[in-house]
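For reference, the chains in residue letters:
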Amino acid sequence: MRFRTRLLLIFALTITGAVALVTGAVSALTRHAFETTDGARRQALLDQFQSRLAEQGADVVRRIERVAASRTMLNIAVEAGRPDGDVSSYVDEAQSQADAASLDFLDILRADGTIISSAHWSAKFNYKNDWTIAAEDRRQPDAFLTSVPTPEGPALALVAIRAVQAGGKFIELAGGKRLDSRFLGSLGLAPGMRALLWLDPHQVLDATSMWDGPETDRLASLVDRARHSHHAENAVVQWTPNGASAEAMQAMPLEHRGVFMGALIAGNSLRDEVWLERRILWAGLTAAVAGIALGVLMGWWATERVTRPVEQLAAGARAVAAGNWESRVEVVSSDEIGELAGAFNRMTDQLIEHRERAIQAERVAAWRELARRLAHELKNPLFPLQITVENMRRAYEQTVVGRDADFDEVFKEGTQLLVAELSNLRAIIGRFSDFAKMPPPELEEVEVNAKVREVMKLFDAQLRGEGRSGVATTLDLYDGDLRIHVDPEQLGRALRNLVLNALDAMPNGGAIALRTRSSEAGARIEVSDTGQGLTEEECSRLFTPYYTTKQHGTGLGLAIVQSVVSDHHGRIWVESKPGCGATFVIDLPR
Amino acid sequence: MRRICLLSIAAISLALVLHAARRPHYGGTLRMETRRVLQTLDSRSLDQELRGLVFETLLRWDQRLRLVPLLATAWQADPARHNLTYVPRQKVILHNGATWEPDLAQFTDQPDEMALARNAIAVKTADGQLVGTGPFKIAKWNAGKSLALTWHEAYWGPRPYLDSIEVRMGRSLRDQALDFDLGQADAIEISPADVRRLRQRGAAIALTQPTTTLALVFDAAHPAPDAVREALALSIDREAIHSVILQRTGEIAGSLLPQWVSGYAFLFPVTRDLARARQLAARAEPLLFGYDRDDALLRAIAERLAVNASEAGVTLRAADSAPAQVRLVRLSITAPDAALALADLAQELNRKVGQASLPAVLRPYDLERSLLAGFRVIPLFHLPRAYELSPRVKNWPQAGSEAGTLADVWLLPERPGDHP
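Starting from 1, residues in each chain are numbered consecutively following that chain's sequence as written. Chain labels run from A onward and ligand labels from 1 onward, assigned in the order the entries are written. With pLDDT at 70 or above as the cut-off, local features in this predicted model cover only qualifying residues; side-chain atom pairs require 80 or more to be listed or tallied, and sums for whole chains, interfaces and linings still use all residues. Water and hydrogen atoms play no part in the side-chain values, which are based on all heavy atoms of the structure.

(A) Representation of the interface of chain B and chain A in the model. On the chain A side, the residues contacting the 14 residues of chain B number eleven residues. A carboxyl oxygen of Asp or Glu within 4 Å of a side-chain nitrogen of Lys or Arg is what we treat as a salt bridge. If you look at where chain B meets chain A, you find one salt bridge. A salt bridge links Arg196(B) to Asp86(A); the nearest nitrogen and oxygen atoms lie 2.6 Å apart. Polar contacts, as used here, are pairs of N or O atoms within 3.5 Å; protein pairs need one atom able to donate a hydrogen and one able to accept it. Residues neighboring in sequence count only if both atoms are side-chain atoms. Here chain B and chain A share nine residue pairs in polar contact (both at pLDDT 80 or more) between them. Basically, the charged four are Asp, Glu, Lys and Arg, the nonpolar ten are Ala, Val, Leu, Ile, Met, Phe, Trp, Tyr, Cys and Pro, and anything else, Gly included, counts as polar. Partitioning the side of chain B that touches chain A into residue classes produces five nonpolar, three polar and six charged. Working rule for contacts: check all heavy atoms of both residues, and any pair within 4.5 Å makes them a contact.

(B) Helix H8 (residues 336-398) of chain A, seen in detail. Strands here mean DSSP runs of E at least two residues long; helices mean DSSP runs of H or I at least four residues long; both are numbered from the N terminus. Here a helix's expected span is defined as the number of its residues, less one, multiplied by 1.5 Å. Taking 1.5 Å as the rise per residue, H8(A) with 63 residues should run 93 Å; its terminal C-alpha atoms sit 89 Å apart, in good agreement. At Lys379(A), H8(A) shows its maximal kink, close to 25°; a proline, Pro381(A), follows between one and four residues later. Two axes enter the definition of the bend at a residue: one is fitted to the seven residues ending there, the other to the seven starting there, and the bend is the angle between them.

(C) Structural detail: the pattern of salt bridges. Under the counting rule described, the total for this entry stands at 39 salt bridges over all chains. Measuring nitrogen to oxygen at the nearest pair gives 2.5 Å for the salt bridge that ties Arg194(A) to Glu247(A). With Arg194(A) in strand E6 (residues 193-200) and Glu247(A) in strand E9 (residues 246-256), this pair connects stretches of sequence that are 53 residues apart. Residue classification places Arg194(A) among the partly exposed residues on the basis of a relative accessible area of 25%. Across the salt bridge formed by Asp226(B) and Arg229(B), the nearest N and O atoms sit 2.6 Å from each other. Of this pair, Asp226(B) and Arg229(B) both sit in helix H6 (residues 226-235), three residues apart, roughly one helical turn. Partly exposed describes any residue whose relative accessible area lies between the buried limit of under 20% and the exposed limit of over 50%, with all areas from a 1.4 Å probe on protein chains only and scaled to the type maximum.

(D) Geometry of the packing of aromatic side chains. Residue and element names in this part refer to chain B. Stacked, tilted and edge-to-face pairs are distinguished by plane angle, under 30 degrees for stacked and over 60 for edge-to-face with tilted covering the rest, among Phe, Tyr and Trp rings (Trp via its six-membered ring) whose centres lie within 6.5 Å. This structure, assessed with the given rule, holds nine aromatic pairs over all chains. Seen from their ring centres, Tyr264 and Phe268 are 5.9 Å apart, and the 45° between their planes marks the pair as tilted. Residue Tyr264 shares its accessibility class with Phe268, and that shared class is buried. Relative to Trp396, the ring of Tyr387 has its centre 5.3 Å away and its plane inclined at 50°; by these criteria the two rings are tilted. Since its relative accessible area comes to 3%, Tyr387 is described here as buried.

(E) How the structure looks around a nonpolar patch on the surface. Patch definition: residues above 30% relative accessible area lacking any salt bridge, with like charges linked at up to 9 Å and the nonpolar side chains Val, Leu, Ile, Met, Phe, Trp and Tyr linked at up to 5 Å. Only the protein chains shown count as cover for residues, with accessible areas throughout obtained via the Shrake-Rupley method and a probe of 1.4 Å. A cluster of nonpolar side chains, namely Leu294(A), Met298(A), Trp300(A) and Trp301(A), defines an oily patch on the protein surface of about 470 Å² accessible area. Its place among the elements puts Leu294(A) in helix H7 (residues 271-321).

(F) Examining the sheet that holds strand E10 (residues 259-269) of chain A more closely. Residue and element names in this part refer to chain A. By definition, two strands form a pair when at least two bridges between them are found by DSSP. Across the sheet, five strands lie side by side as E7-E6-E10-E9-E8; this open sheet has antiparallel pairing. Edge positions in the sheet fall to strand E7 (203-205) and strand E8 (233-238), since each of these pairs with one other strand and no more. Within the sheet, the average angular offset between the axes of one strand and its neighbour, ignoring direction, is 25°. Pairing between E6 and E7: three bridges, direction antiparallel. Simply put, an axis is a line fit to the C-alpha atoms, just over the touching stretch for a helix, and the angle between two N-to-C directions goes from 0 to 180 degrees.

In structure tokens form, the structure reads like this:
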């Protein structure tokens, strides 16, 4: 995987992760806030239910006591107390009394609990009342919850019991009000909330009527939990596949003497919460997508900035590895990448420098070997030739007979010329031999400026002599102490050769300038002249032995200079243009 | 002496006043109300109290259930009762003024048949109206709403005491009671369940012999298992219903015909056997139960029956729109003759619930046993018709009394301030 791809992936994953983290955190906080509010609202509804239950219970007690105090009830009690009493004519009395007292349920009971008249189930006369049979209920002064059987099924009611005494006998009134939709409607439900009254899976009431909502099985498990735990239980019910249909439900068991009568279920719609969570999710997704897109763009831009120099470095490295040592990396910044690019460029420069030095060294070594062989090969026949010529001159001088004056003259001149040329040839061979046998430098600390002054002092006489008019010298030396480790003799020789070379380049006068500078690696020495300058080809061949642009030169001067510089692991080059003079630059390590 | 004379005169005057109060008066209009809604006027559709007033039969039953002459003055039968000869009454004038000229060839049925309302004499006039020979003739007929009868001046018998009778139809019991309290009716129907209460208040109540049988009948088209039918029959606590809901009006019934018609009704059991019922009803499916929900008495009894059945393990579920498997119905006793009444009951049962037709047996007891076999019909109560009468109404025919028909009813003269 490419570095840029990895960077892009890291950017995208980082942004996505951050957005997901923020979205999740916001959703969790929102959910927690909603749950807290929901719980409080449901609890408030349950509290309100209990309060209304107490109020209605007191109301039921008042109504039952009013019925019990009526003359009709007294008559029934008297009739029921007689041994042969017939109360069958009162079979409809409970209905009348219940209507008058606005009671939903009323049973007039004999002392043994047999129904004389029932308002809500008139057909139950002569049967035992089966919803107030507990002795505790009969003694209870307050209203209590119970399940009242009716022809339509059991109904949850708030009931009270009162006795009507008549001469030691008594009848009882058991009546109450139904806990139904009206009761739920009186709770004053907040928007989004609803109250359900669970009697059984087939009887679930809401605030308006019999609940016609989705299947009640969804609530059955919640009610069962509340029934068995005997306290309120919570659950979230999702009525349809749509999450907005979810509803937080809290079921509170309604019990009387530990018997489960039903449950009040407070429901709070989670539509707003789901809606908000969806909005947050969508916002998060949108932000994630936007973030990813932005991240990709930013990443692309950033990686472009980061990887392009790296890729350039890599390309440069590959180019260097392929032999293109001239390869360079553009330095566009000053950061680490820029430093890296600079270091790379310096590395390649140093590589080139080292290579050139190596080339120069190899070249000098090669030329030295050539010079040694040449000197050796030429020196061997040269000596017999010189002996032979001298023998010929000696023999001719010893010969008296037959000597011709003209011949003598020719002979003398010829032999003199031969001897002279042989001597000259021997001198050349000697230089070659000297070039080939240059000793290794003996390094010692040398103050460069002093050495330059010393060299120039050798030329004072020459520069002031006749025939040498119009050559000015300029010394532009480094202000400080410029010390390097060199062989002083070889450095002096090199400088002398350069000054001689400059003088030779200005037969008609000019100016010679010597400059010294301190460099990072060591010292730099420049020798400039104002001669006619060199062409590019001449510059490239200038340090080749036996190459000279002068009529009388041997072509070894600059080669010796280069040899010295090379032996000192330095570097020399020439900067020149035709007509603009030339400058020889030497860099020497410290 | 003088004091004695004065006291004697006062006593004689008081006796004369009391005698005058009990002496029948002619004239007046009897205002009746009924729940029934008649759309046609014929001898069958009229209430029993009215039908003999307009359309008369050849014979009639007297209060002792003996056949006595009416339009036929005499009849003869050969020993095998195959050939019957009726002697029509002479100089009988129809309500349209024409003389009744009977075709004796059409009167060949048994004497009992000739006393049935469906065999009453009704002559269709040229304009399509039915006219009879009774003491009252139709003065005004508003189908479904009201009927006005006036006395027939050319009646062959004695003049009825009443000048006219007005009948308002389609009046609920509640509306009738309201009209009665407002003095707008002289005779209204009441529920048998209200008889005792009204009597305790001192109201004048008239009861007929039981003429209706309340019964549970199973629909042959939607049969219920035999055991469930028997369980239902055994679960019913007739005594409680009779004493509480019916307030002891009417009779507990184990038979279709009441005792006064058949004479053997007591032979049919009415005891409750809840244990046996529970045993039979084990794992019984609910029965769809139907009854006339507008009839308060039927509704009260039906609810009690449902409670009784539930106690035995049989669930009676209201058949709202679905066809009921068992229904609580009123069956009419159309004649005081057991055989005729049973035949009509069988027809009514066939018409209502598709019960099997009567087998070819002769004795009414066997006929009834056959009808009740298998608990497809469960008789519950025999109910009379009950009327609350204004104090002005006198000589209303009572069950077991010698009083005859409404023709014998007379009204006390209305005094100012009797009613608003």
